[in-house]
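# Residue-level structure breakdown
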Amino acid sequence: MVELARRPNPLLALRVDDREVCWSAFMAWLLDPNVNPGVALLAGDALRRTVADHHRSHGAAADAESALAALAGASAAARWVRRERKIDVGRLDVEAEFVGGVGPVRLLIENKIDSAEGHRQLGRYARSVRGEVGNTTRVLPVLWAIGDQPPVRSSCADALVLRRADARRWLLDLADGLATAHGGVTVLVNGYLDAFDLWDLGARLRATHWREIELARRSPPDGWTLVADRLVDVDGGFCREVLADPAFISCLARHDLRTHVFRSTLNRAQRFNFKHASWQLRQPEFQVAGFEVHYEMADRGELFVHVEISPYEGGLDRKPGRAAALREPLGSKRRVLETLRARLLSLPAAVLAPSVKGLGDPARAGTLAAVRFSSAAAATTPPACAAFFVEAVDHSVAILHEEVQSERRCLAAAAATVTR
């Protein structure tokens with residue numbers, strides 16, 4: 001890893017190797033015939049082969065078959081490329097149109113690096129573009145997830161899900177065709193290939209040697225600063241052992257709770273939350289969103305009960321217009337948060353140490369946490385943390401069920417009154 005990190009690499013030097021916006025810009029730059037027709041020809045042709053190889057290995061939804069066939073017979077280079085196109089309430093990362101014998105093929109690429117797809121994000125983009133082009137153009141949505149934990153599927157039923165290995169295949173194929181005249185392109189292509197190697201090595205080491213990596217952080221070896229960003233998976237190994245703890249697994253099964261692992265956008269720390277399927281409310285009167293309740297690990301030995309808008313939206317305290325549009329689900333969120341906070345604070349402090357210190361006023365749109373359970377002893381080892389989380393869940397899960405169902409009944413009664 002140190003050898004790779006010491007190679008001249010502008011992406012690592014500028015610390016942009018894992019930025020989605022930079023990867024999208026690079027992809028669009030390679031494919032754009034207006035920038036460099038020769039490179040665009042090679043990049044487009046290599047991309048078609050990469051998509052075809054993925055299709056042969058993984059298959060595709062029936063709705064995607066005609067678009068895949070059309071792309072296979074289309075021109076090697078894209079006719080045009082757009083980046084960061086505003087669609088609906090989001091932005092599509094890369095859009096490229098290829099020309100085939102049976103008509104145009106529109107490729108819609110949404111890139112993700114260590115982040116999740118937004119609620120029905122690619123599906124909304126594809127639906128909007130299909131409405132725009134009608135039946136004259138085939139549309140092929142692609143979710144390209146090059147992070148360490150790519151999703152299995154997209155919110156868009158007929159989308160292909162490509163991963164880092166597919167990105168490597170595309171760039172290697174492109175590199176084989178680049179001539180000496182394309183030296184600048186080659187530098188960036190090799191920069192991403194080296195970065196991908198660093199990511200792969202880091203992911204394997206984090207999965208098997210997280211304890212040794214923590215020791216290395218305390219007494220850094222030579223070259224540590226060059227690779228620390230890819231080796232230090234903040235709390236990743238700790239989280240994995242908590243999730244694999246037999247007592248915690250049994251607790252989840254006992255209460256029918258499902259986990260979701262994610263990475264914090266603030267410090268890249270690995271975290272997880274877990275909830276019951278019935279704790280998500282999307283009533284008909286919530287035109288723009290719903291809300292959900294879940295448990296969320298915040299730190300070692302620390303567990304929150306969160307009530308938040310779903311799909312999640314941050315910074316609502318600074319977005320008065322958006323908060324006004326979410327008035328109804330935010331009203332429900334506030335009621336549930338207030339009642340949960342009052343009831344959870346009555347749980348045994350000697351065991352769980354429930355606290356609301358620094359958690360914010362439930363009346364604020366941006367307040368998420370009803371209560372925090374924390375234990376210094378539980379932060380020492382994964383088994384101790386798992387045991388503490390089991391204790392917290394066993395004492396509080398019935399309260400969460402009751403308050404969510406109570407709000408559901410209130411919403412149903414209000415809807416019935418309006419209908420009458």
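Quick look at the structure, then.

Right, let's talk about empty space enclosed by the protein for a bit. Tallied over the entire structure, the rule returns two cavities of 30 Å³ or more. Its volume calculated, the second largest cavity comes out at about 40 Å³. Residue lining of the second largest cavity: Trp-29, Leu-30, Asp-32, Val-35, Asn-36, Val-39 and Val-185, and that is the complete set. For the lining of the second largest cavity, the per-class residue count stands at five nonpolar, one polar and one charged.

The N-to-C vectors of helix 4 (residues 37-58) and helix 7 (residues 164-177) enclose an angle of 140°; their axes lie 9 Å apart at closest approach. Here helix 7 runs oblique to helix 4, going by the angle between their axes. Helix-helix and strand crossings are classified by hand; for helix 4 and helix 7 the assignment is right-handed. Each of Val-39, Leu-42, Ala-43, Ala-46, Leu-47, Arg-49, Thr-50, Asp-53 and His-54 in helix 4 lies in contact with helix 7, whose residues at this interface are Asp-166, Arg-169, Trp-170, Asp-173, Leu-174 and Gly-177. In terms of residue class, the contact of helix 4 with helix 7 is built from seven nonpolar, three polar and five charged.

Quick look at the state of the cysteines now. The final tally for this structure, using the stated rule, is zero disulfides. We note that Cys-239 lacks a disulfide partner, and the nearest cysteine sulfur, in Cys-385, lies 7.8 Å from it. What makes Cys-239 buried here is its relative accessible area of 0%.

This structure, assessed with the given rule, holds 19 aromatic pairs. On the numbers, 5.0 Å between centres and 20° between planes, the contact of Phe-274 with Tyr-295 is stacked. With Phe-274 in strand 7 (residues 270-275) and Tyr-295 in strand 9 (residues 290-299), this pair connects stretches of sequence that are 21 residues apart. Per residue, the accessibility class of Phe-274 equals that of Tyr-295, and both read buried. Here a set of aromatic residues connected by ring pairs shows up, and it is made of Trp-23, Phe-26, Trp-29, Trp-144, Trp-170, Tyr-192, Phe-196 and Trp-199.

Rules used in this analysis
- Residues numbered from 1 in each chain as written.
- Predicted model: local features only at pLDDT ≥ 70, side-chain atom pairs only at ≥ 80, totals over all residues.
- Heavy atoms only, no water.
- 1 Å grid on protein atoms, 1.4 Å probe; cavity = no way out; pocket = protein on both sides within 12 Å on 5 of 7 lines; lining within 4 Å.
- Points joined across faces, edges and corners; volume = space filled by probe spheres on them.
- Nonpolar A, V, L, I, M, F, W, Y, C, P; charged D, E, K, R; others polar.
- Axes fitted to C-alpha atoms, helices over the stretch in contact; angles between N-to-C directions.
- Helix = DSSP H or I, 4+ residues; strand = E, 2+ residues; numbered from the N terminus.
- Parallel < 35°, antiparallel > 145°, perpendicular 65-115°, else oblique.
- Left-handed = near helix turned anticlockwise from the far one by under 90°.
- Contact = heavy atoms within 4.5 Å.
- Disulfide = S-S within 2.5 Å.
- Buried < 20%, exposed > 50% of the residue type's maximum accessible area, 1.4 Å probe, protein only.
- Phe/Tyr/Trp six-rings, centres within 6.5 Å; stacked < 30°, edge-to-face > 60°.

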